[in-house]
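Here is how the chains run, residue by residue.
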Amino acid sequence: MTLRPILIHPDPRLKTLAEPVPAITDEIRRLADDMLETMYDAPGIGLAAPQIGKLSRLLVMDATKEDEGAARPMVLINPKVTWESEARSVYEEGCLSIPEQFADVERPAEVEVEWLGLDGKTHSERFDGLWATCVQHEIDHLDGRLFIDYLKPMKRQMITRKMVKLKRERARG
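This report concerns the structure included in the present document. Note that the coordinates shown come from a computational prediction; the quantities given were computed from them, not determined experimentally.

Regarding the environment of Gly-94
In step 1: Within the secondary structure layout, Gly-94 lies in strand β4 (residues 88–95).
In step 2: Judged by its relative accessible area of 27%, Gly-94 is partly exposed.
In step 3: In this structure, the C-alpha to C-alpha distance between Gly-94 and His-137, residues 43 residues apart in sequence, is 9.5 Å.
In step 4: What Gly-94 contacts, discounting residues up to four positions off in sequence, is Gln-101, Phe-102, His-137 and Phe-147.

Comments concerning the sheet that holds strand β6 (residues 110–116)
Each strand in a sheet pairs with its neighbour through backbone hydrogen bonds, running either in the same direction (parallel) or in the opposite one (antiparallel).
In step 1: Strands sit in the order β1-β2-β3-β6-β7 across an open sheet of five strands; the sheet is antiparallel. Since the sheet does not close on itself, it has two edges, and those belong to β1 (46–48) and β7 (122–128), each with one partner. Direction aside, neighbouring strands of the sheet carry axes that sit 40 degrees apart on average.
In step 2: Relative to β6, strand β3 (residues 74–84) runs antiparallel, the two being bridged by five bridges. Bridge pairing links Ile-77 to Leu-116 in β6.
In step 3: Where helix α1 (residues 26–41) meets the sheet, it contacts β1, β2 (58–61) and β3, and its direction lies at approximately 40 degrees from that of β2.
In step 4: Across the face of the sheet, helix α2 (residues 129–142) comes into contact with β1, β2, β3, β6 and β7 while running at roughly 155 degrees to β2.

So, the environment of Val-60
In step 1: One can find Val-60 in strand β2.
In step 2: Assessed through its relative accessible area of 0%, Val-60 is described here as buried.
In step 3: When the C-alpha atoms of Val-60 and His-123 are compared, they prove to be 14 Å apart, with 63 residues separating the residues in sequence.
In step 4: Excluding residues within four positions of it along the chain, Val-60 makes contact with Ala-32, Met-35, Leu-36, Met-39, Ile-45, Gly-46, Leu-47, Met-74, Val-75 and Glu-138.

Remarks on the side chain of His-141
In step 1: Here His-141 shows up in helix α2.
In step 2: Once you skip the residues sitting within four places of it in the chain, His-141 turns out to touch Thr-16, Ala-48, Pro-50, Gln-51, Cys-95 and Leu-146.

Describing the pairing of β7
In step 1: As judged from the seven bridges shared by β6 and β7, these two strands associate in the antiparallel manner. Within β7, the position partnered with Glu-112 by the bridge is Arg-126.
In step 2: Where β6 hands over to β7, the hairpin turn is made up of five residues, of which Gly-120 adopts a positive phi near 80 degrees.

Let's talk about the environment of Thr-82
In step 1: Here Thr-82 is to be found in strand β3.
In step 2: What makes Thr-82 partly exposed here is its relative accessible area of 44%.
In step 3: Each residue touching Thr-82, except ones within four places of it in the same chain, is listed here: Glu-112, Val-113 and Glu-114.

Some points on the nonpolar core
In step 1: Grouped together as the largest cluster of nonpolar side chains are 17 residues, with contacts concentrated most on Leu-59, Met-61, Met-74, Leu-76, Val-113, Phe-127 and Val-135.
In step 2: For this core, the elements supplying multiple residues, two or more each, are β2, β3, β6 and α2.
In step 3: Counting residues per element, this core draws most heavily on α2, which supplies six residues.
In step 4: If you look at the next biggest cluster of nonpolar residues, it comprises 15 residues, including Val-21, Ile-28, Ala-32 and Ala-49.

Cut-off values and rules
Residues numbered from 1 in each chain as written. Predicted model: local features only at pLDDT ≥ 70, side-chain atom pairs only at ≥ 80, totals over all residues. Heavy atoms only, no water. Helix = DSSP H or I, 4+ residues; strand = E, 2+ residues; numbered from the N terminus. Buried < 20%, exposed > 50% of the residue type's maximum accessible area, 1.4 Å probe, protein only. Contact = heavy atoms within 4.5 Å. Pairing = 2+ DSSP bridges. Axes fitted to C-alpha atoms, helices over the stretch in contact; angles between N-to-C directions. Core = buried A, V, L, I, M, F, W, Y, C linked by side-chain atoms within 4.5 Å.

Written out as C-alpha cells, the structure reads:
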C-alpha cells in the first residue's frame with residue numbers, strides 16, 4: 001500500500017465529474033487499499049478518488065468513532081443515492097482537500113446508497129448520522145462538488161483564498 005498525496009482546493013480535478021469504474025481490476029483494488037491507508041493516515045473518515053487525482057467513481061470511508069469499537073472500512077464503487085429522507089441534519093463538515101476549514105452543512109438525515117463492492121456484487125445500505133453525512137460528502141466529490149459549494153459566496157471565497165495561500169506556502173517549502 002502507498003500513501004497518496006491529497007489534492008488541495010483549488011484544483012480543477014476537484015471540480016470534475018468522475019468517470020464510472022467499468023470493472024473491478026487489480027488496479028482498482030490497489031487504488032482502494034491506497035485510499036484507505038491515505039484516509040486513515042490523514043486522518044479522515046472519507047476520501048474520494050478525485051481527491052488523489054484519480055477521476056474515477058470510487059470512494060472509501062469509515063465513520064466509526066473511536067469509542068464505538070472496531071474500524072469499518074468501506075469501499076464504494078460507482079455509488080449512487082437511491083433514497084433520501086425528508087428529515088434534514090446539520091453537521092460541521094471538514095475536508096482533507098480543504099485542511100483546517102470547517103462549516104455547517106445541511107443534508108438529508110438519512111440516505112440509501114447502492115454501490116458495487118470489490119467483490120463485484122451490488123450492495124445497498126441505509127446510512128444515518130455521521131455515516132450519512134460522510135457518504136453524501138464523498139459522493140459530492142465524485143460529482144465535482146465540495147462542501148464549501150453549500151456555503152454563502154463570501155464564506156466560500158474566504159476559504160478559497162486561505163487555500164490559495166496555503167498552497168503557496170507549501171510550494172515555497
